[in-house]
Amino acid sequence: MVTETRTTCPYCGVGCGVLVRVEDDGRTTVKGDPDHPANFGRLCSKGSALAETLGGDGRILHPEIGGRETGWDEVLDLIAGTFKETIAEHGPEAVAFYLSGQLLTEDYYVANKLMKGFIGAANIDTNSRLCMASSVAGHRRAFGSDTVPGNYEDIELADLVVIVGSNMAWCHPVLYQRLAAAKAARPEMAVVVIDPRRTATSDIADLHLALRADGDVALFNGLMAHLHATGHVDRAFVAWHTEGFGAALGEARRFGPHELSAVTGLTQAEIAAFYERFAATEKVVTLFSQGVNQSSSGSDKVNAIINCHLMTGRIGRPGMGPLSLTGQPNAMGGREVGGLANMLAAHMNLDNADDRDRVGRFWHAPAVAEQPGLKAVDLFEAVGDGRIKALWIMATNPVVSMPEADRVRSAIAACPFVVVSDIQRDTDTARLAHVLLPSLGWSEKSGTVTNSERRISRQRAFRAGPGEARADWWQFAEVGRRMGFADAFAYAGPYQVFAEHAGLSGFENGGSRDFDISAHAGIDALEYERLRPFQWPAPAGSMPPDGSSRFFADGRFYHPDGRARFVAAKGEAERRTNWGFPFVLNTGRIRDQWHTMTRTGKSPRLSAHLAEPFAEIHPADARACGIDDADLLEIESADGGRVIVRALLTDRQARCNLFVPMHWTGETSALARVNALFPGRVDAVSGQPALKHAAVRLRRHDSPAHGFLVSSTKPEGVGTDYWALARADHGWRLELAGSEPAEGWENWLRRVAGLPPEADVIGYHERTGTRMAAFAGTRLVAALYVGTGPVAVSRAWAAEQLGQSFADPHRRADVVAGRPGKGGMDKGAIVCSCASVGINDIRAAIASGCGSVDAVGAATAAGTNCGSCRPEIRRILESMMLQAAE
């Protein structure tokens, strides 16, 4: 039977609706849901490739204790017993949960209830601490609650959109395309991008400000002072609905024009252009993301932005307000249930005795935590020094994603009892587990997620989980039952968890709290299955709102006196570099990958665009360091962290700055876990680590041999100084560098590629390099290309040959050469992942007369789906047109 399921994308916080069609034979296709109000049918490259990530290779299929498969009863009894014994001997603070914005709200809710209500401690934190904690802190300081005031519609209604610390084009592509479409329809709409890098997002900008690292507070404080000096203050709104304006303004006036220019790295003319646009435009939306949050001054950055909207009254009305772009698919849902160590469920406050009492009575909880728990960085420090003796990690990979990643790995390895719930068995973190639990993944689990505009959507299962995989909420509930709390965790399904969550949101609320979805408190299984996307608040008795809801237009906030607070933002643009470590290191996502690639890494076309770890470096800096494009770089921090990555020279990178993506792990690279370079420096208010600003040094990493391998089987035991592994159609691709192995390249190829003894290996070896291809019968099973520098080979073409038949000796020679023979087609490096269009395809289209990005799209399909590659297509077009004019 053919089925079609409405569900939600599991990647970023945009929260796109997805339609999944499963055919009788099991073939699965994915497309955007045209009726979902977040995306209206659009999907990015990652969402479009979801069907390609459903393979079962590497899945955890059964519970394991010390590598031994076992049943659920034994493993759950062990977890519950060990946690109870640890608590009895060392107290509830000796156990901890570390969760993820990948979890569904129902999973988060049950975990939070178990830890804070029944274990009686608050040592439950989440990787959302790494992503959105400073936004939470800024919201709570300004508004009295973690409230996102506006919605996505405001982006399209604004006359000025300011994008701060966000490469939307790659990290929130569907929202970026909504913005691009709105600007195309209204060319007078202005866009300002504030980012040290000139990213793909800058392609749409009227003004790009290459701000110095952590100069945000100074820039927005200066804006506040300018708005006051030029008479752009909504005095009635400030007088009637706010407190603290004078102190905040006094701090904002601290820098004069010259000092402001020095701190921000911007010219006075650039600063003036931005300030004048902001002052003259009433309908302003300020979008901000990780460049703001991931900072030791992140909370002050958020409040400096909010201050400018409060003083002008530009908040809560159509086309106006600050809007935090959430990094993960359910970081917002985690915040709603109190998933952070310093929060309670339903946006209640852990440090408020009345809220603790209210939650305790609703849960019938014996021991509600009375003080905040350890935030992520402190939590793993406590694991390392032995204060935490039992740790449960779920749906995240802190050995890669945490700062001081090497220390975190050592801490987890030394912990007496570690439980890891995940879907993949060989993550860097799962390898350290004493107990490994098989969880359900996207496509198998059922629950809800909340996106960046407060919209709650269903994530629905459309296939059964493999082996004995179970839902995450079920795992926590079963442990809670075995710890003696059976009545509190007797859920028949996720709908009952959601119903309880909704009930708590309205319990003794009466409008005193922002988060209220009690309209769904009595939801049953059928209603839950049919639940359509909705925005909160949705209190009991309310009708679903028409269009999009907003907060604060009426001037009512959630501090006890109902007034907002200006915050005197004092974050400094701290200079961390010195003569020994002169480069500022920044990190983040790339277009086609997600977090540590446990899902996106399964898709060959998502790996085709950027298949190995790299560092963006300005050409002038590269020349000064003796580095050429595609050389290997060794980057080192003062704490001894070290990575080896490929050099990517680009003038879109600021001088004395480097950008290295966060995605590569010990599974996919030899030495590219970039967060090992970042110290555990955190924002003093939010506890969020500063993952955008570390001082590093670099040098060229010289290797006598560089190579490229394609293989039908996963390469094992590579053993070179540098390697980076990625999927390819019908196999794998591997970049490598190091010394020639003692066994010789042919024997190395046979071993690493797992070639059968009868495989026929042909090729040649000479002083400048080695090229060889291996065939099983007529089928190509591997090819290896080695040279003294980065090897010249058509990588995309070579990978496409895997599994093909090569009976003709001449065609075999083409494989050895690493390029198509006469008349063959080579698409070149992939530019558009959605349609698998290469740079040679695009150049051919331009050469044939396609004079615009749209024309190239019409000829090749490049840029016609998610649009994330359009800036790159435009650069290729401009480069070719410039060459033609010379």
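No experiment lies behind these values; they were computed from the predicted model shown.

S.K.: Just checking my understanding: could you explain the sheet that holds strand β2 (residues 17–22) for this structure?
M.R.: Within a sheet, adjacent strands bond to each other through the backbone by hydrogen bonds, running parallel or antiparallel. The sheet built from three strands is open, its strands ordered β1-β2-β3 with antiparallel pairing. The open sheet terminates on both sides in strands that have one partner only, identified here as β1 (3–8) and β3 (28–32). Strand after strand, the sheet turns through a mean of 25 degrees between neighbouring axes, direction not considered.

S.K.: What is the right way to look at the pairing of strand β25 (residues 657–661) in this model?
M.R.: Residues in a regular strand point their side chains to alternate faces of the sheet. For β25, the buried fraction is high: five of the five residues fall into the buried class. Relative to β25, strand β22 (residues 614–617) runs antiparallel, the two being bridged by two bridges. Paired with E616 across the two strands is F659, which belongs to β25.

S.K.: What is the right way to read the nonpolar core from this model?
M.R.: One broad trend across soluble globular proteins is that nonpolar side chains are buried collectively. Ranked by internal contacts, the top residues of the largest apolar core, which has 117 residues, are I79, F97, I194, L219, F220, F274 and W392. By residue number, the principal contributor to this core is helix α3 (residues 105–119), which donates eight residues. The contacts of F97, once residues within four sequence positions are left out, are F83, A111, L114, M115, I119, N123, I124, D125, L379, W392 and F476. One finds V20, L175, A182 and F614 within the second-largest nonpolar core, a separate group that totals 85 residues.

S.K.: How should I be thinking about the packing of aromatic side chains in this particular structure?
M.R.: With the rule as written, the count across this model stands at 31 aromatic pairs. Geometrically, the ring pair formed by F97 and F476 is tilted, given 5.0 Å between the ring centres and 40 degrees between the ring planes. A residue pair is termed long-range when its members are at least 10 positions apart, and F97 in strand β6 (residues 95–99) and F476 in helix α20 (residues 472–482) qualify at 379 residues. Members of the aromatic cluster, connected to one another through ring pairs, are F143, F237, F515, W536, F551, F552, F557 and Y558. For R470, the ring lying beneath its charged end belongs to W474, and the centroid distance is 5.9 Å. Over the ring of F775 we find R812, and its NZ or CZ is 4.0 Å from the ring centre.

S.K.: Where do I start with helix α27 (residues 809–817) in this structure?
M.R.: Along an α-helix, residues three or four apart share an orientation, since each turn contains 3.6 residues. Among all positions of α27, only R812, V815 and V816 are buried. One side of α27 carries all its buried residues, which in axial view fall inside an arc of 100 degrees. Of the surrounding secondary structure, the elements contacted by the buried residues of α27 are β30 (760–766), β31 (769–776), β32 (779–787) and α26 (795–800). One side-chain oxygen of the residue at the start of α27 lies 2.9 Å from the amide nitrogen of H810, identifying that residue as D808. Just past α27, the residue G818 takes up positive phi, approximately 85 degrees.

S.K.: For this particular structure, what's the right way to read the sheet that holds strand β5 (residues 68–69)?
M.R.: Read across the sheet, seven strands follow the order β5-β4-β16-β15-β14-β6-β7 without closing on themselves; strand pairing throughout is mixed. Either end of the sheet is taken by a strand with one partner, and the two such strands are β5 and β7 (124–126). Pairing of strand β4 (residues 64–65) with strand β16 (residues 435–438) involves two bridges; the strand directions are antiparallel. Residue pairing in the sheet places E64 in a bridge with L436 of β16. Here α20 sits on the sheet and contacts β6, β14 (390–394), β15 (417–422) and β16; the angle it forms with β14, its principal contact strand, is near 155 degrees.

S.K.: Sorry if this is basic, but what is going on with the pattern of salt bridges here?
M.R.: Close approach of charged atoms allows side chains of opposite charge to pair. Tallying each qualifying case throughout the model produces 61 salt bridges. Note that R59 is salt-bridged to E444, the shortest N-O span being 2.9 Å. Of this pair, R59 sits in the loop between α1 (45–48) and β4 while E444 sits in the loop between β16 and β17 (447–450); the two residues are 385 residues apart in sequence, bridging distant segments of the chain. Note on accessibility: R59 and E444 belong to one class, buried. Between R317 and E282 there is a salt bridge, and its shortest N-O distance comes to 3.4 Å. One end of the pair, R317, is in the loop between α14 (298–312) and β13 (321–324); the other, E282, is in the loop between α12 (268–280) and β12 (284–288), and 35 residues separate them in sequence. For R317, a relative accessible area of 28% gives the class partly exposed.

What counts and how
Residues numbered from 1 in each chain as written. Predicted model: local features only at pLDDT ≥ 70, side-chain atom pairs only at ≥ 80, totals over all residues. Heavy atoms only, no water. Pairing = 2+ DSSP bridges. Helix = DSSP H or I, 4+ residues; strand = E, 2+ residues; numbered from the N terminus. Axes fitted to C-alpha atoms, helices over the stretch in contact; angles between N-to-C directions. Buried < 20%, exposed > 50% of the residue type's maximum accessible area, 1.4 Å probe, protein only. Core = buried A, V, L, I, M, F, W, Y, C linked by side-chain atoms within 4.5 Å. Contact = heavy atoms within 4.5 Å. Phe/Tyr/Trp six-rings, centres within 6.5 Å; stacked < 30°, edge-to-face > 60°. Lys NZ or Arg CZ within 6 Å of the ring centre and 35° of its normal. Arc of directions from axis to C-beta. Polar contact = N/O pair within 3.5 Å; in protein donor to acceptor, adjacent residues only side chain to side chain. Salt bridge = Lys/Arg side-chain N within 4 Å of Asp/Glu carboxyl O.

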